[in-house]
Amino acid sequence: QVQLVESGGGLVQPGGSLRLSCAASGRTISTLAMAWFRQAPGKEREFVAAIKRVGGSSYADAATRGRFTISRENGKNTGYLQMNWLKPEDTAVYYCAATSGSPITGILRLQSTYEFWGQGTQVTVSS
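The structure contained in this document is the topic of the report that follows. (Residues numbered from 1 in each chain as written. Predicted model: local features only at pLDDT ≥ 70, side-chain atom pairs only at ≥ 80, totals over all residues. Heavy atoms only, no water.)

This next bit is on the overall build of the protein chain. For the protein chain, the helix and strand inventory stands at 0 helices and 11 strands. Secondary structure of the protein chain in N-to-C order comes out as β-β-β-β-β-β-β-β-β-β-β. A compact globule built from 127 residues would reach a C-alpha radius of gyration of about 14 Å, and the protein chain, at 13 Å, matches this within 12%. Counting only C-alpha atoms, the protein chain reaches 40 × 30 × 25 Å along its principal axes. Considering the protein chain as a whole, with its 127 residues, one finds that 44% of them fall into the buried category. (Helix = DSSP H or I, 4+ residues; strand = E, 2+ residues; numbered from the N terminus. Rg over C-alpha atoms; globule rule 2.2 N^0.38 Å. Buried < 20%, exposed > 50% of the residue type's maximum accessible area, 1.4 Å probe, protein only.)

Here it is as C-alpha coordinates:
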(Lines give C-alpha, C1' and ligand atoms only; values in the text may rest on other atoms or scores of the structure.)
Protein backbone atom coordinates (compact mmCIF):
# COMPACT_ATOMS: atom_id res chain seq x y z
CA GLN A 1 0.00 0.00 0.00
CA VAL A 2 1.23 3.47 -0.88
CA GLN A 3 1.30 6.16 1.78
CA LEU A 4 1.87 9.85 1.14
CA VAL A 5 2.92 12.44 3.72
CA GLU A 6 2.95 16.15 2.94
CA SER A 7 5.12 18.71 4.70
CA GLY A 8 6.43 22.23 4.21
CA GLY A 9 3.26 24.21 4.75
CA GLY A 10 3.10 27.30 6.91
CA LEU A 11 2.50 31.04 7.03
CA VAL A 12 4.03 33.20 4.32
CA GLN A 13 3.58 36.81 3.20
CA PRO A 14 2.07 37.70 -0.16
CA GLY A 15 4.74 37.53 -2.83
CA GLY A 16 6.71 34.98 -0.87
CA SER A 17 7.66 31.43 -1.72
CA LEU A 18 7.13 28.02 -0.19
CA ARG A 19 8.04 24.48 -1.18
CA LEU A 20 5.78 21.59 -0.28
CA SER A 21 7.07 18.03 -0.09
CA CYS A 22 5.25 14.74 -0.57
CA ALA A 23 7.17 11.77 0.79
CA ALA A 24 5.98 8.42 -0.53
CA SER A 25 6.40 4.95 0.94
CA GLY A 26 5.39 1.52 -0.26
CA ARG A 27 6.25 2.16 -3.88
CA THR A 28 8.82 4.09 -5.87
CA ILE A 29 7.39 7.32 -7.22
CA SER A 30 8.96 6.66 -10.59
CA THR A 31 6.10 4.21 -11.13
CA LEU A 32 3.45 6.75 -10.10
CA ALA A 33 1.75 9.73 -11.61
CA MET A 34 1.50 12.43 -8.94
CA ALA A 35 -0.62 15.50 -8.40
CA TRP A 36 -1.40 18.33 -6.01
CA PHE A 37 -4.86 19.53 -5.06
CA ARG A 38 -5.97 22.24 -2.66
CA GLN A 39 -9.08 23.10 -0.72
CA ALA A 40 -9.90 26.48 0.79
CA PRO A 41 -12.55 26.87 3.53
CA GLY A 42 -16.02 26.68 2.02
CA LYS A 43 -14.64 25.78 -1.39
CA GLU A 44 -14.49 22.56 -3.37
CA ARG A 45 -11.19 20.77 -3.66
CA GLU A 46 -9.47 21.92 -6.83
CA PHE A 47 -6.69 20.68 -9.04
CA VAL A 48 -3.33 22.45 -8.84
CA ALA A 49 -0.80 20.46 -10.88
CA ALA A 50 0.17 16.97 -11.99
CA ILE A 51 3.29 15.20 -13.22
CA LYS A 52 3.63 11.90 -14.99
CA ARG A 53 6.49 9.41 -14.75
CA VAL A 54 10.18 10.21 -15.22
CA GLY A 55 10.61 12.07 -18.46
CA GLY A 56 6.89 12.71 -18.64
CA SER A 57 4.97 15.94 -18.93
CA SER A 58 3.66 18.21 -16.19
CA TYR A 59 0.38 20.10 -16.13
CA ALA A 60 -0.85 23.02 -14.07
CA ASP A 61 -4.14 24.75 -13.52
CA ALA A 62 -4.47 28.20 -15.07
CA ALA A 63 -4.69 29.81 -11.63
CA THR A 64 -1.17 28.68 -10.71
CA ARG A 65 0.51 28.28 -14.07
CA GLY A 66 3.73 30.30 -14.20
CA ARG A 67 3.93 30.55 -10.39
CA PHE A 68 3.85 26.93 -9.21
CA THR A 69 6.12 24.14 -10.40
CA ILE A 70 5.60 20.44 -9.75
CA SER A 71 8.61 18.13 -9.68
CA ARG A 72 9.98 14.99 -8.09
CA GLU A 73 13.25 13.66 -6.77
CA ASN A 74 13.30 9.91 -7.29
CA GLY A 75 16.36 9.37 -5.07
CA LYS A 76 14.36 10.63 -2.08
CA ASN A 77 11.08 9.12 -3.28
CA THR A 78 9.57 12.57 -2.85
CA GLY A 79 7.46 14.89 -4.95
CA TYR A 80 7.47 18.67 -4.62
CA LEU A 81 5.37 21.71 -5.30
CA GLN A 82 7.40 24.91 -5.53
CA MET A 83 5.13 27.91 -4.99
CA ASN A 84 6.31 31.40 -5.90
CA TRP A 85 4.65 34.84 -5.89
CA LEU A 86 2.07 33.57 -3.46
CA LYS A 87 -1.28 35.35 -3.16
CA PRO A 88 -3.84 35.36 -0.34
CA GLU A 89 -6.11 33.41 -2.70
CA ASP A 90 -3.61 30.53 -2.53
CA THR A 91 -4.48 29.96 1.13
CA ALA A 92 -5.75 26.38 1.45
CA VAL A 93 -4.99 22.89 2.64
CA TYR A 94 -2.77 21.31 0.00
CA TYR A 95 -3.03 17.59 -0.70
CA CYS A 96 -0.65 15.27 -2.49
CA ALA A 97 -2.17 12.49 -4.58
CA ALA A 98 -0.87 9.63 -6.71
CA THR A 99 -1.99 6.79 -8.94
CA SER A 100 -0.33 3.64 -10.20
CA GLY A 101 -2.39 3.89 -13.36
CA SER A 102 -1.64 5.80 -16.52
CA PRO A 103 -4.30 8.50 -16.68
CA ILE A 104 -4.82 10.38 -19.88
CA THR A 105 -4.35 14.13 -19.80
CA GLY A 106 -8.08 14.78 -19.86
CA ILE A 107 -8.68 13.24 -16.43
CA LEU A 108 -5.65 14.52 -14.52
CA ARG A 109 -7.82 17.19 -12.92
CA LEU A 110 -10.24 14.68 -11.40
CA GLN A 111 -9.92 13.57 -7.79
CA SER A 112 -11.26 10.14 -8.73
CA THR A 113 -8.17 9.53 -10.85
CA TYR A 114 -6.00 9.15 -7.75
CA GLU A 115 -6.26 6.25 -5.33
CA PHE A 116 -3.55 7.44 -2.91
CA TRP A 117 -3.85 10.63 -0.87
CA GLY A 118 -1.88 12.42 1.80
CA GLN A 119 -3.36 14.04 4.91
CA GLY A 120 -2.82 17.59 3.70
CA THR A 121 -0.69 20.51 4.81
CA GLN A 122 -1.91 24.03 5.56
CA VAL A 123 -0.64 26.97 3.53
CA THR A 124 -1.62 30.44 4.70
CA VAL A 125 -0.71 33.54 2.70
CA SER A 126 -1.26 36.69 4.73
CA SER A 127 0.48 39.93 5.68
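Opposite charge on two side chains makes pairing possible when the charged atoms of those side chains draw close. The final tally for this structure, using the stated rule, is 4 salt bridges. A salt bridge links Arg 67 to Asp 90, with the shortest nitrogen-to-oxygen separation between them at 2.8 Å. Within this pair, whereas Arg 67 is found in the loop between strand S6 (58-60) and strand S7 (68-73), its partner Asp 90 is found in the loop between strand S8 (78-83) and strand S9 (92-99), the two being separated by 23 residues in sequence. We note that Arg 67, like Asp 90, is buried. (Salt bridge = Lys/Arg side-chain N within 4 Å of Asp/Glu carboxyl O.)

Per the counting criterion, the structure on display carries 1 disulfide. Linked covalently through their sulfurs, Cys 22 and Cys 96 form a disulfide whose S-S length is 2.0 Å. Residues Cys 22 and Cys 96 share a disulfide whose torsion about the S-S bond is about -80°; that sign makes it left-handed. In this pair, Cys 22 is assigned in strand S3 (residues 18-25) and Cys 96 in strand S9, connecting sequence segments 74 residues apart. Here Cys 22 and Cys 96 have matching classes, each one buried. (Disulfide = S-S within 2.5 Å.)

With that settled, consider the pairing of S3. Here is the key point about a regular strand: its side chains alternate between the two faces of the sheet. In terms of strand pairing, strand S1 (residues 3-7) meets S3 through 5 bridges, oriented antiparallel. Pairing of Val 5 across the sheet is with Ala 23, part of S3. Here S3 runs beside S8; their pairing, made up of 6 bridges, is antiparallel. By the bridge assignment, Leu 20 is partnered in S8 with Leu 81. (Pairing = 2+ DSSP bridges.)

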